[in-house]
Amino acid sequence: MSLVSSPLLTVEHMTMRFGGLVAINDLSFVVNSGEITALIGPNGAGKTTVFNCITGFYKPTVGRLALRLGNGDFDGLVDEATAGADAVAGNADAMLYLLERMPDYEITQKARIARTFQNIRLFSGMTVLENLLVAQHNALNAASLYTFGGLFGIPSFKVAEKESIEKAKYWLERTGLIDRADDPAGDLSYGAQRRLEIARAMCTNPVLLCLDEPAAGLNPKESAELNALIRSIRDQHECSVMLIEHDMSVVMEISDHVVVLDYGTKIADGTPDEIKADPRVIAAYLGVADEEVDEVEAEVGL
């Protein structure tokens, strides 16, 4: 784990309503830089809705979602720059992005948040390599001067294209997919498609990677490989990780911090050991009232 642990993403009093349904209720938590944060809870607890708000698919009804890049005094906001980024007085390298104000595509491009999905969303007819090059379209478009620079092979585009291919090859090596680079993505096994989705997200150079049930459908060997990959992303690439996961063996093994939701409300927030011992968490997962937790724990041997 990184030695530097400071707030990267701060979610403050976020509420998400769909008509009369309150999906998320006054939720606050912090994702620290250099840490793996797990968001867990029973089905229907609102976990994916939280991801959708962070990544701009939804705009929260109420609340503030602030992502901090760089080091500086974030209390000294002086004016709002373009695309929802607030400039910080006295430190040009420090930026505070208010995600609830930003379009979803700029959250990826400027705030540098990437995500995967519970249901795999690859371009199945494109090759494995092409999927990773598509993820780098922002840099390639800029290098082509947003015109026909790529078609005519101008020098800036050639350089960017080479860098994009090298980055794609790097992540294919890291995810064990280099030998499948020219195969259609749809021909990969389920576990390999999961790894390709993570590789594609990492090709956008995120500071925060959001993984929605990355271990779903994986066998124990694939889950162990996934754990190693997520740790390496955290440790070697200065990228914090936030994940939704139902596999508690994955959550408890790799997470530094766990937030628990139940019916859209936070019921626990702490280290894995604290979460495992919290009676409210046990009750939420076992479906019993708090006063019955001891009895149920004894019955199942917890």
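Whatever comes next refers back to the structure up there.
What counts and how
Residues numbered from 1 in each chain as written. Predicted model: local features only at pLDDT ≥ 70, side-chain atom pairs only at ≥ 80, totals over all residues. Heavy atoms only, no water. Patch = residues over 30% accessible without salt bridge, like charges linked within 9 Å, V, L, I, M, F, W, Y side chains within 5 Å. Areas by Shrake-Rupley, 256 points an atom, 1.4 Å probe, with all protein chains shown as cover. Salt bridge = Lys/Arg side-chain N within 4 Å of Asp/Glu carboxyl O. Helix = DSSP H or I, 4+ residues; strand = E, 2+ residues; numbered from the N terminus. Pairing = 2+ DSSP bridges. Buried < 20%, exposed > 50% of the residue type's maximum accessible area, 1.4 Å probe, protein only. Phe/Tyr/Trp six-rings, centres within 6.5 Å; stacked < 30°, edge-to-face > 60°. Lys NZ or Arg CZ within 6 Å of the ring centre and 35° of its normal. Disulfide = S-S within 2.5 Å. Axes fitted to C-alpha atoms, helices over the stretch in contact; angles between N-to-C directions. Contact = heavy atoms within 4.5 Å. Core = buried A, V, L, I, M, F, W, Y, C linked by side-chain atoms within 4.5 Å. Domains from an automatic or database assignment.

**Side note on a nonpolar patch on the surface**
Now for step 1: Taken together, F18, L21, F57 and Y58 make up a surface patch of nonpolar side chains, about 370 Å² in accessible area.
Now for step 2: Inspection of the secondary structure puts Y58 in the loop between α1 (47-54) and β4 (62-69).

**Concerning the pairing of β4**
Now for step 1: Inspection of the sheet shows strand β1 (residues 7-18) paired to β4 by five bridges, in the antiparallel sense. Residue V11 lies in a different strand from β4, and its bridge partner there is L65.
Now for step 2: As paired elements, β4 and strand β7 (residues 95-98) share four bridges and run antiparallel to each other. Residue pairing in the sheet places A66 in a bridge with L98 of β7.

**Here we look at the environment of S33**
Now for step 1: Relative to the elements of secondary structure, S33 occurs in the loop between β2 (21-32) and β3 (36-40).
Now for step 2: Separated by 208 residues in sequence, S33 and V241 have C-alpha atoms that sit 8.7 Å apart.

**Details of α1**
Now for step 1: The buried count for α1 comes to seven of eight residues, which makes it a mostly enclosed element.
Now for step 2: The set of residues buried in α1 consists of K47, T49, V50, F51, N52, C53 and I54.
Now for step 3: Looking one or two residues beyond α1, the residue adopting positive phi is G56, at roughly 90°.

**Overview of the packing of aromatic side chains**
Now for step 1: As enumerated under the stated definition, the model contains three aromatic pairs in all.
Now for step 2: Measuring from ring centre to ring centre gives 5.8 Å for F57 and F117, while their planes differ by 85°; the resulting arrangement is edge-to-face. Of this pair, F57 sits in the loop between α1 and β4 while F117 sits in the loop between β8 (113-115) and α3 (128-134); the two residues are 60 residues apart in sequence, bridging distant segments of the chain.
Now for step 3: Given a relative accessible area of 15%, F117 falls into the buried group.
Now for step 4: Centre to centre, the rings of Y170 and W171 are 5.2 Å apart; their planes meet at 85°, and the pair counts as edge-to-face.
Now for step 5: We classify Y170 as partly exposed; its relative accessible area is 35%.
Now for step 6: Note that R121 overlies the ring of F117, its terminal NZ or CZ placed 4.1 Å from the centroid.

**Considerations on the state of the cysteines**
Now for step 1: Scanning all chains against the criterion turns up zero disulfides.
Now for step 2: The thiol of C210 is unpaired, and the distance to the nearest cysteine sulfur, on C239, comes to 8.9 Å.

**Re the sheet that holds strand β12 (residues 265-270)**
Now for step 1: Taking strand neighbours across the sheet as the criterion, the six strands line up as β8-β9-β10-β3-β11-β12 in an open arrangement whose pairing is mixed. A strand with exactly one partner marks an edge of an open sheet, and here the two such strands are β8 and β12. Shown here is a sheet whose adjacent strand axes are inclined to one another by a mean of 15°, direction ignored.
Now for step 2: Contacting β3, β8, β9 (208-212), β10 (240-244) and β11 (257-262), α1 crosses the sheet at an angle of about 140° to β10.
Now for step 3: The sheet contacts of helix α7 (residues 190-202) involve β8 and β9, and relative to β9 the element is tilted by about 155°.

**Considering the nonpolar core**
Now for step 1: Formed by 44 residues in total, the largest nonpolar core has its most connected members in L196, L209, I233 and L243.
Now for step 2: Considering every element that reaches this core, the biggest residue donor is α7, with six residues.
Now for step 3: Two domains each put at least three residues into this core: domain 1 (1-112 + 207-302) and domain 2 (119-205).
Now for step 4: The contacts of I233, once residues within four sequence positions are left out, are W171, I198, M202, L209, E238, C239 and V241.
Now for step 5: Counting 32 residues, the second largest nonpolar core, distinct from the first, contains M14, L27, L99 and C210.

By themselves these figures say nothing about function.
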